[in-house]
Amino acid sequence: MKEVTISELERRFQEKIDNDIKIEPKDWMPEEYRQTLIRQISQHAHSEIVGMLPEGNWITRAPNLRRKAVLLAKVQDEAGHGLYLYSAVETLGADREATIDDLHTGKAKYSSIFNYPTTSWADMGTIGWLVDGAAIMNQVPICRCSYGPYARAMVRVCKEESFHQRQGFEIISLLAQGTPEQKAMAQDSLNRFWWPSLMMFGPNDAESKHTAQSMKWKIKRSTNDELRQLFIDVTVPQAEMIGLTIPDKDLKFNEETGHYESGPINWDEFWEVVKGNGPCNKERVDARKKAKDEGAWVREAAMAYAEKRKERSAIRA
Amino acid sequence: MEKNTDLFEYVLRMGDDSLILGHRISEWCGHGPILEEDIALTNMSLDLIGQATNLLEYAGELEGKGRDGDALAFLRYDREYKNLLLVEQTNGDFGKTIMRQFFFDAYRKLLFERLIKSTDIQLSAIADKSLKETKYHLKHTSEWVIRLGDGTEESHNRIQESLDALWKYTAELFFANEVDSKLLAAGIIPSMEGLQEDWNEIVSSVLEEATLTIPTNNWKQEGGRIGRHTEHLGLLLAEMQYMQRAYPNMKW
Ligand SMILES: [Fe+2]
Ligand SMILES: [Fe+2]
Ligand SMILES: [Fe+2]
């Protein structure tokens, strides 16, 4: 077989991408592409799993049986998303357990939004509406991502996320149209989650170090600022519709561009939370570590038992 | 109407069992020992909450005082809950949760198998639907009891300890009083004959395969069926009822 140079492989690889042909696990890919995907997909997987915690916080306090079941099912969906995504990471040759250890040591990141506390039932509405809503905007373009397993996982995930978004909006609408106490609870929740939701799209394009290469590789298909703008344009009228006020005194509609213009985002806060100084960073990672540590004996037992069964059937055979 | 009062009480017991155990299992969500098992536990919790909804809605109809499933679930005092003491026990480690669930599943499977033959159409339909889920739960928990019992020395010791701690609550599974005898006499529920023996058989065969030992101490701890609970229920209710108590008469 003829030796193919790296630059030739890279050229063919980019050609596939330019022609929208999906890259599959066995295909040749540049190491940097692989590493970028491992980082991004595992970060996404960790976000799904850590994201179970703030909502899990209200399962035992859900106000009625229907809400309790819906919330349980929602948090369970997030666990399922985590599973598909960890599987997608494994197709790139990364080890699931090692990836999870990176989360626990703080080496790997997850969406900063989950470092904010859920202090009222209304947060179950706001999170579905805004956080799942923002997740959808981030993830719909990933359904066309160049890496096949990631793109396919996203198709399935996005369907469920839009279901979550509608359920969240239903919760918050009911509160916004409810008693004065419920209305206040809903507004307070929006006040707390609005800005962190805008930060979910990541730093401004000018500050974002990964965007250009990721766009070229079609791992990313829209920029942070484009997606953030789309989110604002969709969400502001929804808030108005249910009578809630967006906590941004500078927010205005620009008739010429047809877009809402929002006030400045507090990027210092964003970077502090990314660094680990958010209100719940430690609680979230500790909860995941605790689940892993306290489950160690269970996993060991399952392995030991599987081993014994193998030995026994070998003896019988 | 006598029939409705007795049937109300009977359905309420089952509804409360599902509700309280479903609540307990839901405490695991997001904290399971393995992601796959987190999902499986949540499934069980969802099934139990679904059963609780059907049963408590029906109980509310039978009572005829305008209380629906939510009113019964969230707005009673502790003495009015008729669940087994077993189901309100705290989760403990994963092994204790599994052992508690295993005892309950074995009982529930046998109970639903019999209640399908109830002459009360609604009760029979709920039993039929719930039986499918319960069989699946029993299979899952039996497998885990065996895995943990026959796994490592640590897992064996841990789950044996849970078995020892929970054993005294299992006698209550077979509680019956005049409510049961009147419903039986009226032909509404079928005979529960052999239920305890069948339960013993399922449990001892799984525990044997798991290399676990049934405690010889047969002290019985009962009370849940007549509303006399352990300290754990009050705390569980304080959490579960929080929203309904703090914000009365609102829609969510
Ligand atoms: Fe998700
Ligand atoms: Fe997501
Ligand atoms: Fe979601």
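The present account deals with the structure reproduced in this document.

Parameters and conventions
- Residues numbered from 1 in each chain as written.
- Chains lettered and ligands numbered in written order.
- Predicted model: local features only at pLDDT ≥ 70, side-chain atom pairs only at ≥ 80, totals over all residues.
- Heavy atoms only, no water.
- Helix = DSSP H or I, 4+ residues; strand = E, 2+ residues; numbered from the N terminus.
- Rg over C-alpha atoms; globule rule 2.2 N^0.38 Å.
- Buried < 20%, exposed > 50% of the residue type's maximum accessible area, 1.4 Å probe, protein only.
- Phe/Tyr/Trp six-rings, centres within 6.5 Å; stacked < 30°, edge-to-face > 60°.
- Donors = N, O, S within 2.8 Å, 3.2 Å for Na, K, Ca; no water.
- Polar contact = N/O pair within 3.5 Å; in protein donor to acceptor, adjacent residues only side chain to side chain.
- Contact = heavy atoms within 4.5 Å.
- Core = buried A, V, L, I, M, F, W, Y, C linked by side-chain atoms within 4.5 Å.
- Buried area = accessible area lost by both parts, 1.4 Å probe.
- Salt bridge = Lys/Arg side-chain N within 4 Å of Asp/Glu carboxyl O.
- Nonpolar A, V, L, I, M, F, W, Y, C, P; charged D, E, K, R; others polar.
- 1 Å grid on protein atoms, 1.4 Å probe; cavity = no way out; pocket = protein on both sides within 12 Å on 5 of 7 lines; lining within 4 Å.
- Points joined across faces, edges and corners; volume = space filled by probe spheres on them.

## A closer look at the overall build of chain A
- Of the regular secondary structure elements, chain A holds twelve helices and two strands.
- Listed N to C, the secondary structure of chain A is α-α-α-α-α-α-α-α-α-α-β-β-α-α in terms of helices and strands.
- The C-alpha atoms of chain A give 22 Å as radius of gyration, which agrees with the globular expectation for 317 residues (20 Å, within 12%).
- Expressed as a percentage of its 317 residues, the buried residues of chain A come to 54%.

## Quick word on the packing of aromatic side chains
All names here are of chain B.
- Inspection of the entire model under this criterion finds 19 aromatic pairs over all chains.
- Where W28 meets F94, the ring centres are 6.1 Å apart and the plane angle is 85°; that geometry is what we call edge-to-face. Taken as a pair, W28 in the loop between α1 (2–26) and α2 (35–63) and F94 in helix α5 (residues 94–115) lie far apart in primary sequence, 66 residues in all.
- Relative accessible area serves as the criterion here: at 12%, W28 is assigned to the buried category.
- Relative accessible area serves as the criterion here: at 2%, F94 is assigned to the buried category.
- Ring centres of F94 and W144 lie 5.1 Å apart, and the angle between their planes is 85°; on these two criteria the pair is classed as edge-to-face. With F94 in helix α5 and W144 in helix α6 (residues 121–149), this residue pair connects regions lying 50 residues apart in the sequence. Pair check on accessibility: F94 and W144 agree, each one buried.

## Let's talk about the coordination of the iron ion (ligand 2)
Residues and elements named next belong to chain A.
- For the iron ion (ligand 2), the full set of protein donor atoms is E48 (OE) and Q139 (NE2), and the range of their distances to it is 2.0 to 2.4 Å.
- The metal-metal distance between the iron ion (ligand 2) and the iron ion (ligand 1) comes to 3.5 Å, with E48 coordinating both. Taken as a pair, E48 in helix α2 (residues 31–50) and Q139 in helix α6 (residues 122–139) lie far apart in primary sequence, 91 residues in all. We note that E48, like Q139, is buried.

## Looking at the side chain of A:N254
Residues and elements named next belong to chain A.
- The residue N254 is located in strand β1 (residues 252–254) in this model.
- At 3.2 Å, the side chain of N254 and the backbone nitrogen of T257 are in polar contact.
- Sequence-distant contacts of N254, that is, excluding residues within four places in its chain, are made with H259 and E261.

## Some points on the nonpolar core
- By size, the foremost hydrophobic cluster in this structure holds 170 residues, and its most contacted members are A:Y33, A:W121, A:Y147, A:W194, B:M99, B:F103 and B:W199.
- The element contributing the most residues to this core is α2(B), with 13 residues.
- In this structure, B:F103 is in contact with B:L86, B:L163, B:L166, B:W167, B:T170, B:L173, B:W199 and B:V203, ignoring residues within four places of it in sequence.

## Some words on the coordination of the iron ion (ligand 1)
- Looking at the iron ion (ligand 1), the protein donor atoms are A:E48 (OE), A:E78 (OE), A:H81 (ND1) and A:E161 (OE), and they sit 2.0 to 2.2 Å from it.
- Along the chain, the residues donating to the iron ion (ligand 1) are arranged with the sequence spacing E-x29-E-x2-H-x79-E.

## Some words on unusual backbone geometry
All names here are of chain A.
- The backbone of D20 shows a phi angle near 55°, a positive value even though the residue is not glycine.
- Tracing the chain through its elements places D20 in the loop between α1 (6–18) and α2.
- You can call D20 partly exposed: its relative accessible area is 49%.
- Phi is positive for K218, close to 55°, though the residue is something other than glycine.
- Considering the arrangement of structural elements, one finds K218 in the loop between α9 (211–216) and α10 (224–241).

## So, the interface of chain B and chain A
- Taken together, the 47 residues of chain B in the interface contact 45 residues of chain A.
- The junction of chain B with chain A conceals about 4,000 Å² of combined surface from both sides, 69% of it contributed by carbon and sulfur atoms.
- At the junction of chain B and chain A, the tally comes to three salt bridges.
- Its salt-bridge partner being A:K308, residue B:D150 comes within 3.1 Å of it at the nearest N-O pair.
- Scanning the region where chain B abuts chain A turns up 14 residue pairs in polar contact (both at pLDDT 80 or more).
- Looking at the side of chain B that touches chain A residue by residue, the class counts come to 20 nonpolar, 15 polar and twelve charged.

## Considering the layout of surface pockets
Residue and element names in this part refer to chain B.
- Put simply, the second largest pocket is a space of about 340 Å³.
- Around the second largest pocket, the lining comprises 22 residues; the ones closest to its centre are F174, F175, A176, D180 and M192.
- Of all elements in the fold, only α1, α5, α8 (178–185) and α9 (195–209) reach the threshold of two or more residues within the lining of the second largest pocket.
- Residue composition of the lining of the second largest pocket, grouped by class: 13 nonpolar, three polar and six charged.

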